[in-house]
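Now for the letters of each chain:
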Amino acid sequence: MDNELISGAEALMRALENEGVDTLFGYPGGNIMPSYDALYDHKTTLNHILVRHEQAAVHAAQGYARVSGKVGCVIVTSGPGAMNTITGLADAMIDSTPIVVICGQVGAAMLGTDAFQEVDTISVSQPITKWAYQIRHADDVATAVSRAFYIARSGRPGPVVLDFTKNAQTSMTEYHPQKVDFIRSYKPTPSPFREDIERAALLINSSVKPFVLVGQGVELGDAREELRAFLEKAQIPAGCTFLGLSALPSDHPLNMGMLGMHGNLGPNVMTNQCDLLIAVGMRFDDRVTGNLKTYAKQAKIIHFDIDPSEINKNVKVDLAVVGDCKHTLAEVTRLMEKTTHQAWVDGFKPYADREDVKVIQPAIHPTEGPLLMGEVVRRVSEATQDKGILVTDVGQNQMFGCRYFRFTQGRSVVTSGGCGTMGFGLPAAVGATFGAPDRTVCLFVGDGGLQMTIQELGTIMEQRAPVKIVLLNNNFLGNVRQWQYMFFRKRYSFTPMVNPDYEKIAQAYDIPCRTVTERGQLDAAIQEMIDTEGPFLLQCAVKEEDNVLPMTPPGANVDEMLLEVK
């Protein structure tokens, strides 16, 4: 209806629908209450998931975004509600996850008065978001929302905050749908220089030992097929970062494994033996590079990235190809010569064989002793035919999960990479079940991380969210304990955990649970978990002092990996 007057809160709901939002994660409160009142009339189009803590709302939105490719959406109140989103915003920023967080705020006339539940959300969130904006007038709602979603999903994705004053929610406006697809001075996808494309192809064509580092940018850019074509045309081996693990099928013959501190031996060693290092959509994190003074000094380096600020930030490169890798990879591939690097590819095998004998087989096929995390992860992956979505918390469960889960499909890894946020896993897994409802979501979590957001079992109970929770219980803060074991003379300072009865907790939340203490129980328990409709908690009593190996010690060279610890 022309000239229809509606509230700013109602305009918000219509603007969200206009952006294609179908799911919201949130928690109501005083200064967002007008928007929640408007949401009451949109329950059939905007599915609101009531979390039990605002931090969990952001992590859930991250899980949703990572597996769906859409923008995750959060709605919370002001003050403590908004502040509880800060950890999730920082996590989303460093891991390039597109989310929009809508926070309530006191009325514009009360700003700066220290009114009840007033916090300067904009000032707090600006350093850890792509954009933070305060809506003070109802007339601004439609444009602000469209602008927020455009910024969140375009270029290098990331989080956006909209601080929504109460008067803007309650005052009246005429709503006209907006579609922002251009912002002056904001160029989210730079156009690559033609000469850089040509130089990249020349460097690749002349290299004898090229090696590709695959990052999450391949997934974010929906460039998995372009990556495969690029690798296969010249038979170039590749290694993947944590967040890039599912960009290339685990069994692809050119996939040499995971990069980094707890990655595979071959990719790390060969990083310092290649003559051309090609980074695609990754940021040279310190957990990947090790000692920067010795990192790939023998090689020419090409960096494909959409974000110019990443170029030469950590590693000085010889050539930058700035732009959307879906486009730039295809353009370079077209100019590449069809060739093979079989001798170079074969050079990875001795390292793979050595790691397999010393580390992998003992981890996934032990014959005696207590259950190991690695064998649990591999058996769960196999039970999904390697088609499941891996969600992890942070710690040893994360390292073992990323090392031993296998991938056949894209957008299958949800983990906190750059921030390493304990408590991420459970709510992120909830979000993943809404982002990919047709897939099996497998969460690996430790007894420490689970208790950081354990209240989200309430969200799972209410939604019957089909999260397959695998609790790797070693009665320790395992990753910290490993570092204490290796670098602090086994002084286990406040890492042993006194844990509750998780079966009773699961029962209280009406979640089926089974505890496995012996190897012979494992397969049947996993199958029961997979076959059970809805959520399931599988508690595995694993070896208390198991260590994640290989490991590049902090500050060591990337190729100085330990295969065992004394």
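One numbering rule holds for all chains: residues counted from 1, following each sequence as written. Reporting in this predicted model follows two pLDDT cut-offs: at least 70 for local features of residues, and 80 or more for side-chain atom pairs to be given and counted; totals over whole chains, interfaces and linings ignore these cut-offs and use all residues. Excluding hydrogens and water, the side-chain values take into account all heavy atoms of the structure.

A. Up close: the overall build of the chain. Helical segments are the DSSP runs of H or I of at least four residues, strand segments are the runs of E of at least two, and each set is numbered from the N terminus. Secondary structure summary: the chain contains 24 helices and 20 strands in total. C-alpha atoms define the radius of gyration in this analysis, and the globule rule sets the expected value at 2.2 Å times the number of residues to the power 0.38. In summary, the chain has a C-alpha radius of gyration of 24 Å against a globular reference of 24 Å for 566 residues, a match within 12%. Viewed in the frame of its principal axes, the chain has a C-alpha envelope of about 70 × 65 × 40 Å. Buried, partly exposed and exposed residues are distinguished by accessible area as a fraction of the type maximum, computed with a 1.4 Å probe on protein chains only: under 20%, between the cut-offs, and over 50%, respectively. The buried share among the 566 residues of the chain stands at 60%.

B. Molecular detail of the nonpolar core. Residues L277 and F284 are the most contacted members of the largest nonpolar core, which totals 97 residues. When residues are assigned to domains, this core turns out to be shared by domain 2 (194-347) and domain 3 (371-541), each giving three or more. Among residues more than four places away in sequence, those in contact with L277 are F211, L213, T271, F284, Y295, A296, A299, K300, I301 and I302. Among the buried residues, those of types Ala, Val, Leu, Ile, Met, Phe, Trp, Tyr and Cys that are joined through side-chain atoms within 4.5 Å form a nonpolar core. Core analysis: the second largest hydrophobic core is formed by 37 residues, L12, A142, F149 and A152 among them. Those domain boundaries reflect an automatic or database domain assignment. Here, residues are in contact when the closest pair of their heavy atoms is within 4.5 Å.

C. Representation of unusual backbone geometry. L549 connects to P550 through a cis peptide bond whose omega is -5°. Relative to the helices and strands, P550 is located in the segment after strand 20 (536-541). Phi at Q235 is positive, roughly 50°, even though this residue is not glycine. With respect to the helices and strands, the residue Q235 is situated in the loop between helix 11 (224-234) and strand 10 (238-240). Despite not being glycine, D386 has its phi angle at roughly 60°, a positive value. Looking at the element boundaries, D386 is found in the loop between helix 17 (373-383) and strand 15 (389-392).

D. Spatial organisation of helix 5 (residues 86-94). Inspection of helix 5 places I86, G88, L89, D91 and A92 among the buried residues, and these make up the whole buried set. Looking at the packing, one finds that the buried side of helix 5 touches helix 3 (54-68), helix 4 (80-83), strand 5 (99-105), helix 6 (121-125) and strand 7 (159-165). Positive phi appears at S96, one or two residues downstream of helix 5, with a value of about 55°.

E. Structural view of the sheet that holds strand 13 (residues 300-305). When DSSP finds two or more bridges between a pair of strands, those strands are recorded as paired. The six strands lie next to each other as 11-10-9-12-13-14, forming an open sheet whose pairing is parallel. Only two strands of the sheet have a single neighbouring strand rather than two, namely strand 11 (255-258) and strand 14 (319-322). Averaged over neighbouring strand pairs, the angle between their axes works out to 20° when direction is ignored. Across four bridges, the pairing between strand 13 and strand 14 is parallel. Each residue of the ladder has a partner; that of H303, found in strand 14, is A320. Geometry is summarised by axes, namely lines fitted to C-alpha atoms with helices restricted to the contacting stretch, and by angles between N-to-C directions that run from 0 to 180 degrees.

F. Up close: the sheet that holds strand 7. If you walk across this open sheet you meet the six strands as 3-2-4-5-7-6, and the pairing is parallel. If you trace the sheet from one side to the other, it starts and ends with strand 3 (47-50) and strand 6 (131-135), each paired once. Looking at each pair of strands side by side, their axes are set apart by 20° on average, direction ignored. Sheet analysis places strand 2 (residues 23-26) next to strand 4 (residues 72-76), joined by two bridges and oriented parallel. Residue F25 lies in a different strand from strand 4, and its bridge partner there is V74.

G. Geometry of the pattern of salt bridges. Every case where a carboxyl oxygen of Asp or Glu lies within 4 Å of a side-chain nitrogen of Lys or Arg is listed as a salt bridge. Summed over the entire model, instances satisfying the criterion amount to 24 salt bridges. Salt-bridge contacts for R14 lead to E10; the nearest nitrogen and oxygen are separated by 2.9 Å. Here E10 and R14 lie together in helix 1 (residues 8-18), a separation of four residues that amounts to about one turn. Note on R14: relative accessible area 25%, which makes it partly exposed. A cluster of three or more residues bridged by salt bridges with shared partners is formed by R156, D307, E310 and K313.

H. Inspection of the packing of aromatic side chains at higher detail. Two rings belonging to Phe, Tyr or Trp (six-membered ring only in the last case) form a pair when the distance between their centres is within 6.5 Å. Interplanar angles under 30 degrees mark stacking, angles over 60 mark edge-to-face geometry, and anything in between is tilted. Counted under the stated rule, the structure contains 13 aromatic pairs. A ring pair is formed by W131 and Y133, whose centres lie 5.1 Å apart and whose planes are at 15°; its orientation type is stacked. Y133 gets classed as partly exposed once you look at its relative accessible area, which sits at 29%. Judged by centre distance (5.4 Å) and plane angle (45°), the rings of F211 and F348 are tilted. Of this pair, F211 sits in strand 9 (residues 210-214) while F348 sits in the loop between helix 15 (342-346) and helix 16 (349-364), and the two are 137 residues apart along the sequence. The two residues F211 and F348 agree in class, both being buried. These aromatic residues form a ring-pair network of at least three members: F25, Y64 and F434. By the criterion adopted, a ring carries a charge over it if an Arg CZ or a Lys NZ lies within 6 Å of its centre and within 35 degrees of its normal. Over the face of the ring belonging to Y40 we find K43, whose NZ or CZ atom lies 3.9 Å from the ring centre. In this structure, R481 packs its charged tip against the face of F476, placed 5.8 Å from the ring centre.

I. View of the pairing of strand 6. Most of strand 6 is tucked away, with four of its five residues classed as buried. Where strand 6 meets strand 7, five bridges bridge the pair, whose relative direction is parallel. Paired with Y133 across the bridge in strand 7 is L162. As a crossover connection, the stretch from strand 6 through helix 7 (residues 141-153) into strand 7 is right-handed. Whether a crossover is right-handed comes down to one check: with the strands pointing away from the viewer, does the path from the first strand over the helix to the second run clockwise; if it does, it is right-handed.

J. Local environment of the packing of helix 3 against helix 5. Here helix 3 crosses helix 5 at 25°, and the two axes come no closer than 7 Å. Comparing the axis directions of helix 3 and helix 5 gives the class roughly parallel. Along its contact with helix 3, which presents Q55, V58, H59 and Q62, the element helix 5 presents T87, G88, L89, D91 and A92. Ten residue types, Ala, Val, Leu, Ile, Met, Phe, Trp, Tyr, Cys and Pro, are classed as nonpolar, four, Asp, Glu, Lys and Arg, as charged, and the remainder, Gly among them, as polar. Taken together, the residues of the contact of helix 3 with helix 5 break down into three nonpolar, five polar and one charged. Should an angle fall under 35 degrees it is called roughly parallel, over 145 degrees roughly antiparallel, and 65 to 115 degrees roughly perpendicular, with every other angle called oblique.

K. How the structure looks around the packing of helix 9 (residues 194-206) against helix 14 (residues 325-335). Axis separation between helix 9 and helix 14 bottoms out at 9 Å; the angle between their running directions is 55°. Overall, the two elements helix 9 and helix 14 adopt an arrangement that is oblique. Considering only the axes of helix 9 and helix 14, their crossing is right-handed. Here helix 9 contributes R194, I197, E198, A200, A201, I204 and N205 to the contact with helix 14, which in turn contributes T328, E331, V332, R334 and L335. Each residue belonging to the contact of helix 9 with helix 14 can be placed in one class, and the counts come to six nonpolar, two polar and four charged. When the near helix sits turned anticlockwise from the far one by under a right angle, the crossing is termed left-handed; a clockwise turn instead gives a right-handed crossing.

L. Focus on helix 1. Judged by how many residues are buried, helix 1 sits mostly within the fold: eight of 11 residues are covered. For helix 1, the set of buried residues is G8, A9, E10, A11, L12, M13, A15 and L16. Backbone geometry just downstream of helix 1 places G20 in the positive-phi region, at approximately 80°.

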